[in-house]
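Now for the letters of each chain:
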Amino acid sequence: MTELKVLVIIPAYNEQDCIVDTVEAVIEAGYDHLVVNDGSKDATLELCRMHGFNVLDLKENLGIGGAVQAGHKYAHSHGYEIDVQFDGDGQHNAECIPGLVDAVKEGFDLVIGSRFLDAQVGGFKSTAMRRAGITWLSGLIRIMTKTRATDPTSGFRACGKRAIALFCAEYPVDYPEPESIVEAVQQGLSIKDVSVVMNERQGGTSSIRPLSSVYYMVKVTLAIAIMALSKRGGPQKEASA
Amino acid sequence: MSVLQVIVIITCLLFVIFALKQVSSKKLLLRYSLLWLGLAAAVILVSLFPQPVFFIAGLLGFGVSSNFIFFVALFFLLAITLSLTVIVSKQSLRLKRAVQNLALLEKRFEELDVSGDKECEKKK
């Protein structure tokens, strides 16, 4: 079997404290990488250039949804069959990448690295408040799409060709992690959870997945409900400006 | 329940359904729809329980309760419109920067192409 090309997408916004270690971990694991600089105001871009990392420099901040989608577009145009989203904040463990990639090779379209699949697995499992939010979202997704997603906010995920093509055409802007699962299921893609270990944030502050506020939960719930309840045909290209 | 209350509630519900349809067909981002959903929810609430509003209107010195409601509605719409113009301004600036970056990028390509041709010429 010919080796499938794998790209690890590393979205980064103001991650000067840990970006170098994060990228080097991916390089050491033996994968192609692409840092997507999401309009960082700190030294993230400079550090990446200094170390000769492969960088896609978004000159504006688009948010995690826009940054990751840009990564998918790069993967698509450069012929990668599989891509892996790997957060630039040091929370994801490069040793878990092969597990995700293998599941895609088995034939699953979207593979999500879950902290909660296996109760025995250690690692950082977030605060109680956030876990409650995750449980709620997990249950909501299950009710709305009959799909099991034990860690719907996890940004540690691998996509096969069909998922990459779908996300290039449309990818949610506001709450991409849970919404994209619903979107994928609606388009007939297969989802699988794979157990991973995550670390606590190494430095800087999180801007991507604020789970603690009730307001955020209301918005995500509404977004998922709207998406799950709307009847759609094939993937619609995003409405042009 | 009066006829007017029923009409108002039905109209609000239709408005909400329309807004949600716009969101589901990707013509309206959820984050901007929340304003309208909030407004519709407030109107439904007031039409179900108008007494507190009549009371507050009297307290504040409005001769006619409906003047108070119009006042609040106008203020709310003003706030929404103001925030929209702020958003439009931000988009405008981002678009300007994107167009400029694109132009500069294309220029770099052109210049690389030209210097590439020059290199080929030298080697011949």
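Residues numbered from 1 in each chain as written. Chains lettered and ligands numbered in written order. Predicted model: local features only at pLDDT ≥ 70, side-chain atom pairs only at ≥ 80, totals over all residues. Heavy atoms only, no water.

Enquirer: What's the story with the overall build of chain B in this structure? I'm lost.
Expert: When you go through chain B residue by residue, the secondary structure sums to four helices and zero strands. Over its C-alpha trace chain B gives a radius of gyration of 27 Å, far above what one expects of a compact globule, namely 14 Å for 124 residues. With respect to the principal axes defined by its C-alpha atoms, chain B has extents near 90 × 30 × 15 Å. Approximately 9,600 Å² of chain B is accessible, and the part contributed by carbon and sulfur atoms is 74%. (Helix = DSSP H or I, 4+ residues; strand = E, 2+ residues; numbered from the N terminus. Rg over C-alpha atoms; globule rule 2.2 N^0.38 Å. Areas by Shrake-Rupley, 256 points an atom, 1.4 Å probe, with all protein chains shown as cover.)

Enquirer: Is there a simple way to explain the interface of chain A and chain B in this structure?
Expert: Interface size is commonly expressed as the accessible surface area that is lost when the partners come together. Taken together, the contacts link 17 residues of chain A with eleven residues of chain B. Looking only at chain A, the three residues that lose the most surface to chain B are A:E60, A:D174 and A:I226, adding up to 38% of its buried area. Linking chain A with chain B are four salt bridges, by the criterion used here. The closest approach of N and O atoms between A:D174 and B:R31, which form a salt bridge, is 2.8 Å. Between chain A and chain B we count three residue pairs in polar contact (both at pLDDT 80 or more) in total. Here the residues of the side of chain A that touches chain B sort into nine nonpolar, two polar and six charged. (Contact = heavy atoms within 4.5 Å. Buried area = accessible area lost by both parts, 1.4 Å probe. Salt bridge = Lys/Arg side-chain N within 4 Å of Asp/Glu carboxyl O. Polar contact = N/O pair within 3.5 Å; in protein donor to acceptor, adjacent residues only side chain to side chain. Nonpolar A, V, L, I, M, F, W, Y, C, P; charged D, E, K, R; others polar.)

Enquirer: What exactly am I supposed to notice about the environment of B:L37 here?
Expert: With respect to the helices and strands, B:L37 occurs in helix 2 (residues 30-48). Along the chain, B:L37 and B:A19 lie 18 residues apart, while their C-alpha atoms are 7.7 Å from each other. Aside from chain neighbours lying at most four places away, what touches B:L37 is A:L222, B:V16, B:A19 and B:L20.

Enquirer: Looking at this structure, I do not really get the environment of A:F124. What am I missing?
Expert: All names here are of chain A. Following the sequence through the fold, F124 ends up in the loop between strand 5 (110-114) and helix 5 (128-145). In this structure F124 comes out as partly exposed when scored by relative accessible area, which is 25%. Residues F124 and V197, spaced 73 residues apart in sequence, show a C-alpha to C-alpha distance of 7.1 Å. Once residues within four sequence positions are removed from consideration, F124 is found in contact with R115, M198, N199 and E200. (Buried < 20%, exposed > 50% of the residue type's maximum accessible area, 1.4 Å probe, protein only.)

Enquirer: Help me understand the pattern of salt bridges in this model?
Expert: Pairing between side chains of opposite charge can happen when their charged atoms approach one another. Applying the stated criterion across every chain yields a total of eight salt bridges over all chains. A:E60 is paired through a salt bridge with B:R94; the nearest N and O atoms lie 3.5 Å apart. A residue pair is termed interchain when its members come from two chains, as with A:E60 in the loop between strand 3 (55-58) and helix 3 (63-77) and B:R94 in helix 4 (residues 65-123). In this structure A:E60 comes out as buried when scored by relative accessible area, which is 13%. The salt bridge partner of B:K107 is B:E110, with a shortest N-O separation of 3.6 Å. Separated by three residues within a single helix, B:K107 and B:E110 lie in helix 4, roughly one turn from each other.

Enquirer: Sorry, what's going on with the sheet that holds strand 3 of chain A here?
Expert: Whenever strands of a sheet pair, they do so through backbone hydrogen bonds, lying parallel or antiparallel. Residue and element names in this part refer to chain A. Strand order across the open sheet formed by seven strands is 3-2-1-4-6-5-7, with mixed pairing between neighbours. Where the open sheet ends on each side, the last strands, each with one partner, are strand 3 and strand 7 (191-195). For this sheet, the mean angle separating the axes of adjacent strands, direction not counted, is 20°. This element, helix 3, spans strand 1 (6-12), strand 2 (32-38), strand 3, strand 4 (82-85) and strand 6 (157-159) of the sheet and lies at about 155° to strand 1. Across the sheet, helix 7 (residues 176-186) is in contact with strand 4, strand 5, strand 6 and strand 7; its angle to strand 6 comes to roughly 35°. (Pairing = 2+ DSSP bridges. Axes fitted to C-alpha atoms, helices over the stretch in contact; angles between N-to-C directions.)

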